[in-house]
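Chain residues, written in single-letter form:
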Amino acid sequence: MKKNKIKIKIILGIFLLAATFGVVFLAKQNQDNRNKATSSSNYINLYLDSGNKELASNQNFTVPLLANSSDGTGLDSLVAYFCYNPTQIQLEDTTNLQNSFSLANGTSYIDSSIKVNEANNKCVEATFVSVVKNAKLATQAATIKFKTVATTGSGVISLNKEKSSLGVAGKTVFAPDSVGNLSYTIGGISLGASSINLNSQDPNGKTLASNQSFTVPVSANVTGSGLDSVVAYFCYNPTQIRLEDTTNLQNSFTIPSGNSYIGASIGVNETNNKCFKATFVSVVKNGRLSNPITIIKFKTVVATGSGVISLNKEKSSLGVAGKTVFAPDSVGNLSYTIGVGPTCTNGNQKCVSGNKYLTCVNGQLGTTQTACPSNKTCTVGEYSTDVCVNSGTAKLDFDMTFKGIKKDVSKCASNIEVKLFAQSPDGNSNEVTATAVKTDRIKTIKVAGEDINYIIYEVRNVAFDADFVSRDNITLYVTGYEYGQMEYAADGQSEFFDGVTGDLSLTDGQNTKYDFTAYPMLAGDAVGEDEDVPDGKIDSNDFAYIKANLDKTVPDGQHLLGDFDRTCKINSGDSTLLKYSLIERLSKIVN
Amino acid sequence: MQNNKIMKFLIPVIAVIIIIESVILVNNLSKKNKVVEPIKVEENSSASQSATPQIVEEPALDLVFATDTKEMKIGKTYSVELNMLSKEDNSLSVMNFYIKYDPTLLTASSLTVDSKLPKATFNKIGEQTGIVAASILVDAKDGYKINKDKNVPVLRFNVTPKKVGAFKLEIASSNDSKDFVTLFTDNATRKVLPFSSNELNINISK
């Protein structure tokens, strides 16, 4: 038992020893690590925030001062001793050095001073500590503000490792393990043509409706480079259009992903225009703006009008990262029209009541009524460059004959109602009715070697409607009761007219007379398909009717349907007339 | 024993269910057939497409094309005849024949109206319009008499195919053109008589 107890105690002891050694070992290892962390791999680095070492002349630029301990516990104090070529770059404020440093929150500026001139370099020793006791400095404790003073050149902003130092609370102040310097180049930058343009996204082009929201994308370009900032200074007529939100200007700009809105401000009032200066930069550090830079949201505030949204070239600017800010070579403006699109051609006229007309101005029919001259009539409903036309005083007289109606034979001949359809190549047409009045005059026409004396009928004082304004190249289509349609196109016409344009004319204030007697109207329209009245066509129905009513008679002077030759009897003569007409018609259409 | 009792109960129940299902299945199948049949009939029935029932008159005349062959060669000339078969005794005052063809496929020529018919008032081939026209207006008081079942040659013309393909000759009606309406008028009543006609389908090869 005793031996066992001893053994147990021994084992316990060994365990205790082992535990003790273990604790000690771990503690020691931990201490070693801590010592290692605080004594090595601490650094101070400098770098340009743009990452672009190309600088333009007279360009301000900033250099963040980055410092930390490698274990991440942070620093209590920082002395940055940096040097630069003062003939190329300068601190922004060399008189009051503190103004050349932007401090991070929690960082306090202690002191800086120009130390020595080393190899033509100016050196500055700047000291920063934590504002709060035992608190740590931010990794980017400060930002140094420089400006270029040369147009060309290159150099280095260098940290002096030995003269810089880091402070860790409760420990010591020591030199950094490493420093990072910055080299730069000034000048030698070549940029191509640059521009800012306004475009329209309105679905109806640039024609806007009243109270319509519309968007205007802004694009900016410079040849050979991207852009990291754009200032668009645009103006518009506030009595016609407005930004959608004039209270919170930012709401009037849609910013595509990747671009960032910095601010907009109302500019000056230039010739009754409201102007805005809106600034945009890239969201991503060292990134580039993408087009569209922004989309400006407008809305119309009037029913009609037109104007221009203009970019001010001098007050707009483009920025190229690490380079410079410059005015664009060109700007593109956007014109717009508010109200319905053009509904008429400028200068055209349209008749209204009272023999007056309206004139089209700016694509819209005006409201001012203009009276036609007293001797002219407004052609109602028509758009034209001259709607006032000569009043319908032009009249038509003509003589005509009817096939089969002959002197001494046609005892039942009497006046015949005719329809007149006048047509001109310009599309005008008019239909009127008239009476062909039987006369005692005759027109002798040789048919198959035989002289036939046709009775001449007169049609007089035919007045077309006022809106039939054509006066030349008229063709006249005549249809008589029981007589098929004939086409008369020339004075003295004696055969079928085969042309396209008629040669008849009318003269204002006169009766123009034509002679169509040499080309008699064709007979044969007795009945229609369903009713025993003329239907305007000469066809086999008419022949069947004639056959069915052959030898039917009426007393002299009366009219008998189907008695085309007005002999007071339906006979073979009528059948022959009908066949002749049919042959005439079919010969024209079967070709 | 108890299992047997259950089986005795289940077997009839299942049998009943199967019978009911069979009945329902057969019933559904027969319903399906009933739906399909009228649809086929409707699709194929021109009468059923009309909203209002139409009284179809029996044709009084048949117009029949005739030719020696339906296989024709390009450049060769073939004779085509049109015959008229009367379904009943008729007396006609007007006989208008209009035959339409495609003038790009063939040339029509040498139109003659049968000499036994009354003299044609007008007969012509419209080479541009593609119409063979013959209009016979019968002067005779009693009209042109044609007996039941009598086949009368009407007109004859030549066709000369111009292109390989198929063409057809058919009678033009009011459905085609108001100007070229084939019609027959009864001499006594002036009524237009209904007629039927066939198409002459020709294959053209080189």
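All of these numbers come straight from a predicted model, not from anything done at the bench.

1. Concerning the overall build of chain B
Alright, step 1. Broken down by element type, chain B carries 2 helices and 13 strands.
Alright, step 2. Long-range pairs, those at least 24 residues apart, make up 76% of the contacts in chain B with a sequence separation of at least 6.

2. Some points on the confidence of the model for chain B
Residues and elements named next belong to chain B.
Alright, step 1. Taken residue by residue, chain B gives an average pLDDT of 79. The fraction at 70 or more is 72%.
Alright, step 2. For residues 25–55, every residue scores under 50 in pLDDT, and the model assigns this stretch 1 contact once sequence neighbours within four places are set aside.
Alright, step 3. Of the two predicted TM-score estimates for the complex, the pTM is 0.47 and the ipTM is 0.71.

3. Let's talk about helix α3 (residues 572–589) of chain A
Alright, step 1. For α3(A), which comprises 18 residues, the first-to-last C-alpha distance of 26 Å matches the rise-based estimate of 26 Å (1.5 Å per residue) to within 8%.
Alright, step 2. Looking at the buried residues of α3(A), the elements they touch are β41 (483–488) and α2 (540–548) of chain A together with β6 (122–126) and β7 (131–137) of chain B.

4. A few points about the interface of chain A and chain B
Alright, step 1. The interface of chain A with chain B comprises 15 residues on the first partner and 20 residues on the second.
Alright, step 2. Looking at the side of chain A that touches chain B, the elements that each hand over two or more residues are α2 and α3 of chain A.
Alright, step 3. Taken together, the residues of the side of chain A that touches chain B sort by class into 10 nonpolar, 3 polar and 2 charged.

5. Some details on the pairing of strand β38 (residues 429–447) of chain A
All names here are of chain A.
Alright, step 1. As judged from the 8 bridges shared by strand β37 (residues 416–423) and β38, these two strands associate in the antiparallel manner. Looking at β38, one finds that Ile416 is bridged to Ala436.
Alright, step 2. Between β37 and β38, which follow one another and run antiparallel, lie 5 residues, and Gly427 among them has a positive phi close to 95°.
Alright, step 3. Taken together, the 8 bridges between β38 and strand β39 (residues 450–463) define a ladder with antiparallel strand orientation. Its bridge partner lying in β39, Thr444 is registered against Asn453.
Alright, step 4. Counted between consecutive antiparallel strands, the loop separating β38 from β39 contains 2 residues, among which Ala448 sits at a positive phi close to 50°.

6. Some words on unusual backbone geometry
Alright, step 1. A cis amide bond links A:Asn291 with the next residue in sequence, A:Pro292, at an omega value of 0°.
Alright, step 2. You can see A:Pro292 is positioned in the loop between β22 (274–282) and β23 (294–300).
Alright, step 3. Its identity as a non-glycine residue notwithstanding, A:Ala448 has a phi of 50°, on the positive side.
Alright, step 4. Assignment of secondary structure puts A:Ala448 in the loop between β38 and β39.
Alright, step 5. Notably, B:Asp149 is not glycine yet its phi reads approximately 65°, a positive angle.
Alright, step 6. Within the secondary structure layout, B:Asp149 lies in the loop between β8 (144–146) and β9 (151–161).
Alright, step 7. Under the C-beta neighbour-count criterion, B:Asp149 is labelled exposed, with 10 such atoms within 10 Å.

About the criteria used
Residues numbered from 1 in each chain as written. Chains lettered and ligands numbered in written order. Predicted model: local features only at pLDDT ≥ 70, side-chain atom pairs only at ≥ 80, totals over all residues. Helix = DSSP H or I, 4+ residues; strand = E, 2+ residues; numbered from the N terminus. Contact = placed C-beta atoms within 7 Å. pLDDT = per-residue confidence, 0-100. Expected span 1.5 Å × (residues − 1). Nonpolar A, V, L, I, M, F, W, Y, C, P; charged D, E, K, R; others polar. Pairing = 2+ DSSP bridges. Buried ≥ 20, exposed ≤ 12 C-beta atoms within 10 Å, placed from the backbone.

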